[in-house]
Amino acid sequence: MGVSSKKKRIWINVLIHFVLILLLLICLLPIALVVINAFKTNAEIVRNPLSIPKVLHLENFIQAWTTGKFAHGFINSIKLSGCTILIILVCSTLAGYVLSGYRIKGSGIILTYFMMAMTVPIQLFLFPLYYAFAKLNLIGNIPATSLILSAMFMPLSVFLMRTFFLNVPKELEDAARIDGANTGQVIWHVMRPVVSPGLITVGILIGLQSWNEYLVSSTFLQGEKNFTATLGFLSMNGSYGSNMSILMASSVILIAPIIVFFLCAQRYFVDGMVSGAVKG
C-alpha cells in the first residue's frame, strides 16, 4: 500500500507540473510571437509569422517610439498612475482603519455600499461625468482624471486594506493609546509599518490597472499631448494598421515596462496577498 500510494503521489505531481507547464506555454506563446515579429519586416511577418528573424530590424523600435510618441506617453502614464496610487493609498488606508474595528456607526452599511459599488460598471457614469468635466473645463486634465480612476478602484482597495488592519493585534493600538498617541500617530507610527505589505499590494494592483486603463483615459484625456502610452499605441492603428512590424515593436515597448515592474515587485505582491489572507 505504501509503494502504491507513493507512486500515486508521484503521478499526481507529474500531472500537476504538466498542466502548469502547459498553462505557462499558453501564456508565454503570444508574448513570444509579439517579440519575435517585432524584429522582422512586414513582408516577413505576412510570409510566416512563426519564423525566427534572420536579421534583427531594430529600426522598427525607433520608428515605433517616434510615431507612437511614447516618450511623452510614458510621462503622462506615470503622472496618471502616480496620482491614482497616491489618492488610493491615502483614502483606502484611512477608510480601512476606520472600518476594520467598526469605529463609527453604520460601518456595516458603508461596507455594503462599497460592495455594491464594485458591481456597478463605470459606463453608467461616463456621460454625466463627461458633462461635469466639460463644464469645469477639466477635459485633458490628468490629476482630475485620476480622481475618476481612484473612485473606480477605491472599493476593492478599501476591502483589501480593511483586511490587513484586521490582522493587526488590537494590543498594539491599545498600548499606543495608553502612551498618549492620538489617532493620527497611531495610524502613521503604529499601524502603517505593520500594514506596509498591504500598502505595497494595493499600490501594485492599482498601478497596473491604472497604467492599462483605456475607457476613462480615452474619454477624458483628449488631444495627443494628453495621451498616455496606451492611447498613443492605439492611435497608431489607423496609420500603421497594415504595418505589423511597427505595431509589434510598439506592443513590445508598451508591455516591457509592465513586465519588468511586475517581475521586480512580484515577491512583495505575493507576500502582501498572503499576509492579508489570514482573516477578513
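Residues numbered from 1 in each chain as written. Predicted model: local features only at pLDDT ≥ 70, side-chain atom pairs only at ≥ 80, totals over all residues. Heavy atoms only, no water.

S.K.: Please provide a residue-by-residue account of the overall build of the protein, values included.
M.R.: Of regular secondary structure, the protein possesses 14 helices and 0 strands. When the elements of the protein are put in sequence order from the N terminus, they spell out α-α-α-α-α-α-α-α-α-α-α-α-α-α. Its C-alpha radius of gyration of 24 Å places the protein more than 25% over the 19 Å reference for a compact globule of 280 residues. Here the C-alpha coordinates of the protein stretch approximately 75 × 75 × 35 Å along the principal axes. Each of the 280 residues in the protein was classed as buried or not, and the buried ones make up 36%. Nonlocal contacts in the protein, meaning residues at least 24 apart in sequence, comprise 74% of its contacts between residues at least 6 apart. Counting only carbon and sulfur atoms, one obtains 72% of the accessible surface of the protein, whose full area is about 16400 Å². Of the side-chain charges in the protein, 19 are positive and 9 negative, and the distance between the mean point of each set is 8 Å. (Helix = DSSP H or I, 4+ residues; strand = E, 2+ residues; numbered from the N terminus. Rg over C-alpha atoms; globule rule 2.2 N^0.38 Å. Buried < 20%, exposed > 50% of the residue type's maximum accessible area, 1.4 Å probe, protein only. Contact = heavy atoms within 4.5 Å. Areas by Shrake-Rupley, 256 points an atom, 1.4 Å probe, with all protein chains shown as cover. Lys, Arg positive; Asp, Glu negative; His and termini not counted. Charge placed at Lys NZ, Arg CZ, Asp CG, Glu CD.)

S.K.: Can you break down the packing of aromatic side chains residue by residue, with the values?
M.R.: The full count for this structure, using the stated rule, is 9 aromatic pairs. When the ring of Tyr130 is compared with that of Phe220, the centres are 6.0 Å apart and the planes differ by 50°; the resulting orientation is tilted. One end of the pair, Tyr130, is in helix 6 (residues 126–135); the other, Phe220, is in helix 11 (residues 215–220), with 90 residues separating them in the sequence. On the basis of relative accessibility, which here comes to 0%, the residue Phe220 falls in the buried class. The rings of Trp65, Phe70, Phe74 and Trp211 are connected pair by pair, giving a single aromatic cluster. (Phe/Tyr/Trp six-rings, centres within 6.5 Å; stacked < 30°, edge-to-face > 60°.)

S.K.: Quick one: what's the story with a nonpolar patch on the surface, residue by residue and with numbers?
M.R.: Nonpolar side chains collect at one region of the surface, where Ile12, Leu15, Ile16, Phe18, Val19, Leu20, Leu22, Leu23 and Ile26 lie side by side and expose about 840 Å² of accessible area between them. Among the secondary structure elements, Phe18 is positioned in helix 1 (residues 2–38). (Patch = residues over 30% accessible without salt bridge, like charges linked within 9 Å, V, L, I, M, F, W, Y side chains within 5 Å. Salt bridge = Lys/Arg side-chain N within 4 Å of Asp/Glu carboxyl O.)

S.K.: If you had to explain helix 9 (residues 183–194) to someone new, which residues and values would you point to?
M.R.: In a regular helix each residue adds 1.5 Å, so 12 residues correspond to 16 Å; helix 9 covers 16 Å between its end C-alpha atoms and thus fits that length. Among all positions in helix 9, only Val186, Ile187, Val190 and Met191 are buried. Down the axis, helix 9 shows its buried residues gathered within 130° of arc, on one side only. Residues of helix 9 that are buried make contact with helix 4 (70–100), helix 7 (142–166) and helix 8 (170–178). Sitting at the amino-terminal end of helix 9 is Asn182, which places a side-chain oxygen 3.3 Å from the backbone nitrogen of Gly184. (Expected span 1.5 Å × (residues − 1). Arc of directions from axis to C-beta. Polar contact = N/O pair within 3.5 Å; in protein donor to acceptor, adjacent residues only side chain to side chain.)

S.K.: Let's hear about the packing of helix 4 against helix 9: which residues, and what values?
M.R.: Where helix 4 meets helix 9, the closest approach of the two axes is 12 Å, and the angle between their N-to-C directions is 105°. Between helix 4 and helix 9, the crossing angle belongs to the class labelled roughly perpendicular. Two secondary-structure elements touch here, helix 4 through Thr93, Leu94 and Tyr97 and helix 9 through Thr183, Val186, Ile187 and Met191. Tallied by class, the residues present in the contact of helix 4 with helix 9 amount to 5 nonpolar, 2 polar and no charged. (Axes fitted to C-alpha atoms, helices over the stretch in contact; angles between N-to-C directions. Parallel < 35°, antiparallel > 145°, perpendicular 65-115°, else oblique. Nonpolar A, V, L, I, M, F, W, Y, C, P; charged D, E, K, R; others polar.)

S.K.: Give a description of the side chain of Lys40 that names residues and reports values.
M.R.: Residue placement: Lys40 occurs in the loop between helix 1 and helix 2 (42–47). Although Lys40 is buried, it forms no salt bridge, and the closest oppositely charged side chain is Glu44 at an N-O distance of 6.2 Å. Only 2.9 Å separates the side chain of Lys40 from the side chain of Asn37, close enough to count as a polar contact. In this view, Lys40 contacts Ile45, Asn48, Pro49, Leu50, Ser51, Pro53, His57, Asn60 and Ser245; residues no more than four positions away in its chain are not counted.

S.K.: Which residues make up the side chain of Glu173, and what values do they have?
M.R.: If you trace the backbone, Glu173 turns up in helix 8. With sequence-adjacent residues up to four places away left out, Glu173 is seen in contact with Tyr97, Arg103, Val186 and Met191.

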